[in-house]
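# Working through the structure, step by step
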Amino acid sequence: MLNIVTAEHISAIKDLLGPELVNDQAINEDYSHDEMTIYGTKMPDLVVTPRCTEDVAKLLKYANDNRLAIIPRGAGTGLCGGCVAINGGILIDMTRMDKILEIDKKTMTATFEPGVILMNAIEKVSEEGFLYAPDPGEKSATIGGNVMTNAGGMRAIKYGVTRDHIKGLEIVLADGSILTIGGKIAKNSSGYDLKDLIIGSEGTLAVVTKIITKIIPKPKLMTSLLIPFNTLKEALEAVPYITNLEYVATTIEFMEKEVIEDARLYLGKDFPNKDYNAYLIVSYSGNNKAELSRMIESCAELALEKRAIDVFISDTEERQASIWDARGAFLEAIKNSTTEMDECDVVVDIDKVSDFNDFAKNVADRENIRMRSFGHAGDGNLHIYILKDDMPDDLWRNKAKAFMDALYEEASILKGQVSGEHGIGHAKKGYLRDSLDPKVIDLMKKIKIAFDPNNILNPSKVIDID
């Protein structure tokens, strides 16, 4: 049983860490929620902004000794309520730990503190001639947040997700112990891989204080193809064939005309071509023009065979920016177009994406609710949003629940998973529980207890242990 944070606790933490790191008054409202306010708003009892690993360790030891909840938070860009202090407690804001510690060209690794903003990490690595390959859409997220949700992104089809690029972590356990797991080494078969348990754990097992990532040589050239289709079904049915081509695409994204229009209105600038109902964006990267030309030609020929209307090649920075700026703005554009929204982040086999999207549209029509969808066609991860608009609150809640219940049940039938990259937080716990074998849930509970026996780390997130 966790305790309520008292004035005595707050005073002791100020003495332990210094009052400049502890705020229990006039806490910014942003700390009460993440990007999806539908999943609740709740102010923490206090906010602590550590400067170093030792600050984190001191705080966690005190919290564990006194049975106080700790809620780790990065930039607050999550979409499942994972950083919301739903039961009160101490929110630990990691954004002050924002140093890029090292770019090691010999081992091809980069070492970051968890509060480093993704766009800054990408830029710094690029300046050194390397690529940090994971490409989550929210570039203002922190690297630590990406690790905690195992963020995916648009380049996952070729390079994998965040987990595939993390080589080592420094972590603080619930009792304040500081551990290093993994490192710069190229291989490791030395016992259980605790590093991979931490990645994607959403702050429920440990607090990450240092991250060692793999970096790779930056490709010299990249070209994107904008491929229009008459229907989204035709576009999605072409995807498995594209993934079977000789050359592996860097990205394969899908979108419909409506979400492009949302982005156009939000950004105030045109998409290169907005005349058709559905599109794929396929990009390739390489190191010489001849190789890249072969990639483009084989994809274009196949797309036209599979009923594409045309293939537009975006081979300049300006043309590519017009496409990818719009794609990067989809979430904010949809959010800006309505009063409230809810999201489904399922992942299914890539040959089931079309069927699942059709199912979602049918449910939206049945519930008479507006829907937007886009996502990572190349790895089967769909982002499906339903929009409240001017719907009364009670009706919205009922329709949103009916919609989500139907979609997660269908994902289970198709042998998919509840989340492809956004995580579980507290919003999707029930769907996770219903989708997995009870023995799997029991194993997860035992892992949680082994790492955090007093349940102080982000309690009531991912799974419930009591």
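Keep in mind that what you see is a predicted model, and the values were worked out from it rather than measured.

The rules behind these values
- Residues numbered from 1 in each chain as written.
- Predicted model: local features only at pLDDT ≥ 70, side-chain atom pairs only at ≥ 80, totals over all residues.
- Heavy atoms only, no water.
- Pairing = 2+ DSSP bridges.
- Helix = DSSP H or I, 4+ residues; strand = E, 2+ residues; numbered from the N terminus.
- Axes fitted to C-alpha atoms, helices over the stretch in contact; angles between N-to-C directions.
- Contact = heavy atoms within 4.5 Å.
- Domains from an automatic or database assignment.
- Buried area = accessible area lost by both parts, 1.4 Å probe.
- Salt bridge = Lys/Arg side-chain N within 4 Å of Asp/Glu carboxyl O.
- Polar contact = N/O pair within 3.5 Å; in protein donor to acceptor, adjacent residues only side chain to side chain.
- Buried < 20%, exposed > 50% of the residue type's maximum accessible area, 1.4 Å probe, protein only.

## Considering the sheet that holds strand β14 (residues 278–286)
Taken in spatial order, the 7 strands line up as β15-β12-β14-β13-β17-β18-β16 in an open sheet, and their pairing is antiparallel. Each edge of the sheet is formed by a strand with only one pairing partner; in this case those strands are β15 (312–314) and β16 (341–344). Adjacent strand axes in the sheet meet at a mean angle of 20° when their direction is disregarded. Strands β12 (221–229), β13 (251–256), β14, β15 and β17 (370–376) of the sheet are contacted by helix α10 (residues 317–328), whose axis makes an angle of about 65° with β12. Against the sheet, helix α13 (residues 393–413) engages β16, β17 and β18 (381–387), with an angle of about 5° to β16.

## Looking at the domain arrangement of the chain
Domain annotation for the chain reports domain 1 (7–95), domain 2 (98–217), domain 3 (221–331) and domain 4 (338–435). Taking only C-alpha atoms into account, the centre of domain 2 sits 28 Å from that of domain 4. Facing the 9 residues of domain 2 at the interface are 8 residues of domain 4. Taking both partners together, domain 2 and domain 4 bury about 550 Å²; carbon and sulfur atoms supply 45% of that area. Among the residues of domain 2 in contact with domain 4, Thr149, Ile157 and Glu202 are the three that bury the most area, contributing 56% of the side total. For the pair domain 2 and domain 4, the number of links is 0 salt bridges. Between domain 2 and domain 4 we count 4 residue pairs in polar contact (both at pLDDT 80 or more) in total.

## Quick notes on the sheet that holds strand β2 (residues 46–48)
With mixed pairing, the 4 strands of this open sheet are ordered in space as β1-β2-β4-β3. Two strands close off the open sheet at either side, each with one partner strand: β1 (22–23) and β3 (70–73). Bridging between β3 and strand β4 (residues 90–93) involves 4 bridges; their strand directions are parallel. Following the sheet pairing, Ile71 is matched in β4 by Leu91. Where helix α1 (residues 7–17) meets the sheet, its contacts fall on β1, β2 and β4, and the angle it forms with β2 comes to roughly 15°.

## Section: the pattern of salt bridges
Side chains that differ in sign of charge can pair as their charged atoms come close. For the coordinates displayed, the defined rule picks out 35 salt bridges. One salt bridge connects Lys269 with Asp325, and the closest N-O pair in it is separated by 3.2 Å. Of this pair, Lys269 sits in the loop between α8 (257–267) and β14 while Asp325 sits in helix α10; the two residues are 56 residues apart in sequence, bridging distant segments of the chain. What makes Asp325 partly exposed here is its relative accessible area of 36%. For Asp434, the salt bridge identified is with Arg433, shortest N-O distance 3.6 Å. Three or more residues joined by partner-sharing salt bridges are found here, namely Lys233, Glu234, Glu237, Arg307 and Asp358.

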